Amino acid sequence: MATTGSPRPIDARGWIFEVQDLTASTETWLRVGLLTSFSHSPGENEEVEDITSFDDDGHYSQDIMQRGASISLESKYAADKTGARDPGQAYVDEKWTPRLGAESHNPVRWRHRTQTAWVVWDATVSPGEQGGGTTEKTSWSATITRCGKPSSTAVTPPPAGGGS
């Protein structure tokens, strides 16, 4: 039996993903809701340079020249009975996805509920497919690609009245 000090696997459902609403007048983070799965690819867009030389006696050698990362989120397309969308999904689809060039960048943050710091990325987003069959709910997905070096920030309690 494991003790409280022994490492244990963490639940995938404990991960939280938020996008910053750049249209808000104050710092506002919107949780992407109803997630059914995610995939973090810490080696996405990695570039290497082959530095193998005669001195390596036939053994390969390389230097990593570029680091990259992406996160793919999958969910159900979420709206209430009035048609009001999940705030995070709606922001990704309606505010972030249409932007181009330098405007296509947006802050995102993510962490597991047991962690005391957010991982923060400047990122771009690529919308995923939406669809479903006659006995299914509509799917929703997006791929978020990190731009530049990641940072972190401490988790702070939400202000009075909500938010994160």
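Look above for the structure.
Scope of this entry: the structure provided in the associated data block. (Residues numbered from 1 in each chain as written. Predicted model: local features only at pLDDT ≥ 70, side-chain atom pairs only at ≥ 80, totals over all residues. Heavy atoms only, no water.)

Scanning the protein chain from N- to C-terminus turns up 1 helix and 9 strands. Principal-axis analysis of the C-alpha atoms places the extent of the protein chain at approximately 70 × 50 × 40 Å. Buried residues in the protein chain amount to 28% of all 164 residues. Sequence separation of at least 24 residues holds for 58% of the intrachain contacts in the protein chain that already meet a minimum separation of 6. Here the protein chain has roughly 10900 Å² of accessible surface; of this, 51% comes from carbon and sulfur atoms. In the protein chain, 15 side chains carry a positive charge and 22 a negative one; their mean positions are 14 Å apart. (Helix = DSSP H or I, 4+ residues; strand = E, 2+ residues; numbered from the N terminus. Buried < 20%, exposed > 50% of the residue type's maximum accessible area, 1.4 Å probe, protein only. Contact = heavy atoms within 4.5 Å. Areas by Shrake-Rupley, 256 points an atom, 1.4 Å probe, with all protein chains shown as cover. Lys, Arg positive; Asp, Glu negative; His and termini not counted. Charge placed at Lys NZ, Arg CZ, Asp CG, Glu CD.)

Strands pair in a sheet through their backbones, by hydrogen bonds, and they do so in one of two ways: parallel or antiparallel. Strand order in the open sheet made by the 7 strands is β2-β1-β7-β8-β9-β6-β3, with antiparallel pairing throughout. A single partner strand is all that each edge strand has here, and the edge strands are β2 (29-31) and β3 (35-41). With direction set aside, neighbouring strand axes in the sheet form an average angle of 35 degrees. Pairing geometry for strand β1 (residues 15-20) and strand β7 (residues 106-112), over 5 bridges, is antiparallel. Along β7, the bridge assignment pairs Ile16 with Arg111. (Pairing = 2+ DSSP bridges. Axes fitted to C-alpha atoms, helices over the stretch in contact; angles between N-to-C directions.)

With that settled, consider the side chain of Asp86. Relative to the helices and strands, Asp86 resides in the loop between β6 (70-76) and α1 (87-96). At 5.4 Å, Arg31 is the nearest oppositely charged side chain to Asp86, a buried residue that forms no salt bridge. From its side chain, Asp86 meets the backbone nitrogen of Gly33 in a polar contact 3.2 Å long. (Salt bridge = Lys/Arg side-chain N within 4 Å of Asp/Glu carboxyl O. Polar contact = N/O pair within 3.5 Å; in protein donor to acceptor, adjacent residues only side chain to side chain.)

Below, the discussion takes up α1. Because an α-helix packs 3.6 residues into every turn, residues spaced three or four apart end up facing the same way. With 7 of its 10 residues buried, α1 lies for the most part within the structure. Within the span of α1, buried status applies to Gly88, Gln89, Ala90, Tyr91, Val92, Asp93 and Trp96. If you follow the buried residues of α1, they end up packed against β1, β2, β6, β7, β8 (117-127) and β9 (139-154). The opening residue of α1, the one whose side-chain oxygen lies 3.2 Å from the backbone nitrogen of Gly88, is Asp86.

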